[in-house]
Amino acid sequence: MNFKMNNMKAIEVKNTIPKQGLMTGSQAVVQSIIAEGVDLMFGYPGGAIMPVYDALYDVEQELTHVLARHEQGAVHAAQGYARATGKVGVCIATSGPGATNLITGIADAQIDSTPLVCITGQVASHLLGTDAFQETDVVGISMPVTKWNFQVTRAEEIPLAIAKAFYIARSGKPGPVLVDITKDAQFEEVDFNYVPFTGMRSYRPKPKLDLDSVKAAAKLINSAKRPFILFGQGIILSKAEQEFKAFIEKTGIPAAWTILGLSALESDHYLNVGMLGMHGNYAPNKLTNECDVLIAIGMRFDDRITGDLGRYAKQAKVVHLEIDPSEVSKNVHADVAVIADAKEALFELSKIVEENNHSEWLNKFRTLEKEEYVEVIENELYPSAEKMTMGEVINEINIQSDHNNIVVTDVGQHQMMSCRYFKFKQTKSMITSGGLGTMGFCLPAAIGAKMGQPNKQVVAVVGDGGFQMTLQELGTMFQYGVDVKIVVLNNEFLGMVRQWQEMFFEKRYASTTMVNPNFQTIVSGYGITTKKVENRDELADAIKEMLNHKGAYFLEAIVGKENNVFPMVPTGASVSEIRLK
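In this report, we go over the structure that sits alongside the text. Predicted model only: the values in this text are computed from it and were never measured.

## Side note on the overall build of the protein
Now for step 1: What the protein contains, in helices and strands, is 23 helices and 22 strands.
Now for step 2: Computed over its C-alpha atoms, the radius of gyration of the protein comes to 24 Å, within 12% of the 25 Å expected for a compact globule of 581 residues.
Now for step 3: When its C-alpha atoms are laid out on the principal axes, the protein stretches across 70 × 60 × 45 Å.
Now for step 4: Evaluated residue by residue, the protein yields a buried proportion of 61% over its 581 residues.
Now for step 5: Taking the intrachain contacts of the protein between residues at least 6 apart in sequence as the baseline, contacts between residues at least 24 apart amount to 76%.
Now for step 6: Carbon together with sulfur atoms contributes 51% to the accessible area of the protein, which is approximately 23200 Å² in total.
Now for step 7: The protein carries 55 positive and 67 negative side-chain charges, and their two centres are separated by 4 Å.

## A short note on the sheet that holds strand β11 (residues 227–231)
Now for step 1: Here we have six strands laid out as an open sheet, ordered β13-β12-β11-β14-β15-β16, and parallel in their pairing. Both edges of this open sheet fall to β13 (272–275) and β16 (336–339), since each of them pairs with a single strand only. Between one strand and the next, the sheet's axes are offset by a mean angle of 20°, whatever the strand orientation.
Now for step 2: Two strands pair when backbone bridges link them, and strand β14 (residues 293–297) and strand β15 (residues 317–322) are joined in this way by five bridges, in the parallel orientation.

## Remarks on the nonpolar core
Now for step 1: Ranked by internal contacts, the top residues of the largest apolar core, which has 101 residues, are Phe228, Ile229, Phe244, Leu294 and Ile297.
Now for step 2: Considering every element that reaches this core, the biggest residue donor is helix α15 (residues 359–381), with seven residues.
Now for step 3: Per-domain counts for this core show at least three residues from each of domain 2 (211–365) and domain 3 (388–558).
Now for step 4: Not counting the four nearest positions on each side in its chain, Phe244 is found in contact with Ile229, Phe231, Ile235, Ala255, Leu265, Ile297 and Leu346.

## Looking at the pairing of strand β5 (residues 64–67)
Now for step 1: Pairing geometry for strand β4 (residues 40–43) and β5, over four bridges, is parallel. By the bridge assignment, Leu40 is partnered in β5 with Thr64.
Now for step 2: A crossover connection joins β4 to the parallel β5 through helix α2 (residues 50–56); in handedness this β-α-β unit is right-handed.

## Focus on the sheet that holds strand β17 (residues 406–409)
Now for step 1: Spatially, β18-β17-β19-β20-β22-β21 is the arrangement adopted by the six strands of the open sheet, whose pairing is parallel. Edge strands, defined here as strands with exactly one partner in the open sheet, are β18 (430–431) and β21 (529–533).
Now for step 2: Of the pairings in the sheet, the one linking strand β20 (residues 484–490) to strand β22 (residues 553–558) comprises six bridges and is parallel in character. Along β22, the bridge assignment pairs Asn490 with Ile558.
Now for step 3: Contacts from helix α23 (residues 539–548) reach β19 (458–463), β20, β21 and β22, with the element oriented near 160° to β22.

## With respect to the layout of surface pockets
Now for step 1: Put simply, the second largest pocket is a space of about 460 Å³.
Now for step 2: Together, 25 residues line the second largest pocket, and Ser267, Asn281, Ile377, Arg420 and Lys423 are the ones closest to its centre.
Now for step 3: At the level of secondary structure, the elements contributing two or more residues to the lining of the second largest pocket comprise β13, α15, α16 (390–400) and α17 (413–421).
Now for step 4: At six residues, α15 tops the list of elements feeding residues into the lining of the second largest pocket.
Now for step 5: For the lining of the second largest pocket, the residue count by class is eleven nonpolar, eight polar and six charged.
Now for step 6: Domain assignment of the residues forming the lining of the second largest pocket places at least three in each of domain 2 (211–365) and domain 3 (388–558).

## Looking at a nonpolar patch on the surface
Now for step 1: On the surface, Tyr373, Val374 and Tyr382 cluster together to form a nonpolar patch covering roughly 310 Å² of accessible area.
Now for step 2: Topologically, Tyr373 is positioned in helix α15.
Now for step 3: Accessibility expressed as a relative area gives 35% for Tyr373, which makes it partly exposed.

## Thoughts on the packing of helix α3 (residues 71–85) against helix α5 (residues 103–111)
Now for step 1: It is the contact of α3 with α5, at a shortest axis distance of 8 Å, that shows an interaxial angle of 25°. When the interaxial angle is binned, α3 and α5 end up roughly parallel. Note on element contacts: α5 touches α3 through Thr104, Gly105, Ile106, Asp108 and Ala109, opposite Gln72, Val75, His76 and Gln79.
Now for step 2: Grouping the constituent residues of the contact of α3 with α5 by class yields three nonpolar, five polar and one charged.

Here is what the cut-offs are and how they apply
- Residues numbered from 1 in each chain as written.
- Predicted model: local features only at pLDDT ≥ 70, side-chain atom pairs only at ≥ 80, totals over all residues.
- Heavy atoms only, no water.
- Helix = DSSP H or I, 4+ residues; strand = E, 2+ residues; numbered from the N terminus.
- Rg over C-alpha atoms; globule rule 2.2 N^0.38 Å.
- Buried < 20%, exposed > 50% of the residue type's maximum accessible area, 1.4 Å probe, protein only.
- Contact = heavy atoms within 4.5 Å.
- Areas by Shrake-Rupley, 256 points an atom, 1.4 Å probe, with all protein chains shown as cover.
- Lys, Arg positive; Asp, Glu negative; His and termini not counted.
- Charge placed at Lys NZ, Arg CZ, Asp CG, Glu CD.
- Pairing = 2+ DSSP bridges.
- Axes fitted to C-alpha atoms, helices over the stretch in contact; angles between N-to-C directions.
- Core = buried A, V, L, I, M, F, W, Y, C linked by side-chain atoms within 4.5 Å.
- Domains from an automatic or database assignment.
- Right-handed = clockwise from strand over helix to strand, strands pointing away.
- 1 Å grid on protein atoms, 1.4 Å probe; cavity = no way out; pocket = protein on both sides within 12 Å on 5 of 7 lines; lining within 4 Å.
- Points joined across faces, edges and corners; volume = space filled by probe spheres on them.
- Nonpolar A, V, L, I, M, F, W, Y, C, P; charged D, E, K, R; others polar.
- Patch = residues over 30% accessible without salt bridge, like charges linked within 9 Å, V, L, I, M, F, W, Y side chains within 5 Å.
- Salt bridge = Lys/Arg side-chain N within 4 Å of Asp/Glu carboxyl O.
- Parallel < 35°, antiparallel > 145°, perpendicular 65-115°, else oblique.

Right under this line is the structure:
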């Protein structure tokens with residue numbers, strides 16, 4: 001259902017077939033977007049994009065534009081929308097600072113493979129290169145962080161450029177694209193006829209599956225005594241959740257996830273052994289260096305997963321299923337590479353792998369899980385300390401929910417705690433900034449996620465630092481009546497940086513102490529219901545009130561100032577050297 005959120009009401013609107021014939025370039029932009037099935041986009045107007053905004057005025061019943069309070073908010077909202085729905089997110093901005101304000105979100109989308117189409121206005125073509133007012137070379141600036149970009153200088157180029165942008169953004173390994181349109185091209189007339197883009201010779205988004213490589217992978221997997229699966233967001237992007245589940249259940253192989261792979265497999269599945277990486281679970285990190293076959297699916301072996309590459313899984317044969325050949329053997333050598341879409345590869349692989357039960361190997365994970373529970377988890381979820389912990393706040397939300405929420409986080413300690421302790425039943429339920437680690441991501445991304453999935457409960461978990469980076473987007477929530485439940489875990493520190501300062505810089509807390517404003521006063525000014533909780537005996541009732549509240553809600557939980565996230569793999573250490581305290 002397409003909708004507009006205004007004054008807390010959802011208004012159904014109908015999509016229509018795009019118009020054809022003679023029109024201005026700006027109208028062609030809008031009609032091209034409609035032709036791609038888009039009914040919701042995010043942006044911020046300005047001089048160089050004003051003709052497109054004028055064209056949007058005439059299609060309000062077909063295409064809803066959401067006015068963000070900052071261009072960074074618009075692009076993060078588009079990301080949240082894309083991650084929650086699986087569709088292409090769309091954002092729009094003017095030239096100069098408007099365009100450059102999109103770059104952080106575009107870079108975030110590039111490294112996290114989020115499909116975006118970003119449209120920017122540009123000064124008139126005859127002014128290009130003259131340092132005109134609000135002119136920046138956004139094509140040059142964005143080139144390293146986009147999957148494709150293009151500058152339009154003539155109206156006749158618009159339909160093909162937009163069609164190509166959507167095709168490239170959503171196909172193969174998704175990513176952001178940018179189309180920069182000069183102001184004169186927006187005013188020119190074009191005989192508009194939109195034709196969806198279907199491909200080009202130089203771009204093969206989905207590699208052809210090599211069945212010989214599948215057979216080679218199956219041979220290694222079938223002979224393994226201690227196989228171990230690492231899965232990432234590739235499972236979600238290829239819609240391979242069911243194929244993946246069938247594969248692990250047939251083979252009986254324990255599977256651990258990257259933070260972007262979280263929710264691809266139910267949290268309580270008996271073969272789900274937890275989170276990989278620097279603040280991941282104890283067992284999957286330790287046993288990476290004890291497995292004999294390591295099967296990586298839709299993940300890229302980044303440094304937060306591997307720790308010291310010189311001591312990473314050297315005893316294991318590595319099978320890598322990955323759609324992007326540039327990711328294979330980039331960091332970890334693959335003995336067998338299956339270059340393919342994960343859904344196709346898993347479907348074929350499941351046909352020829354043998355049924356198995358690695359119960360003895362799985363029990364090793366269970367033993368280490370118990371050790372982690374005693375040393376870390378029990379103290380985090382059921383603490384004896386006076387101050388609340390981040391983990392117990394998250395655990396209480398778990399207790400009171402059906403685990404079908406969409407959880408959106410910012411970046412820092414609360415992010416790691418959320419990934420570790422939230423439980424999920426449905427895919428696309430965790431939205432976070434993974435590769436770039438963008439503070440300020442959470443609030444606008446949660447807005448986009450909720451507008452993309454209006455029937456889902458969206459819970460935004462953010463630290464007091466990240467919240468203040470984009471808190472102006474409370475204005476967007478207020479204007480459009482977006483029902484997001486915001487939980488600020490306030491420890492009056494930039495917590496993750498402070499943890500490193502404590503552990504590796506002799507507690508020299510340089511520029512990490514936060515002197516915060518009265519969040520309750522600020523949030524209430526936007527008409528949002530608020531509550532502040534300082535004592536754990538108030539926590540359960542406050543969370544119940546928040547989850548049952550109709551409309552946006554802001555809950556500030558005061559947590560311990562110097563609580564740390566464990567386990568932890570120190571920088572430069574082997575994953576085997578993961579610390580419980």
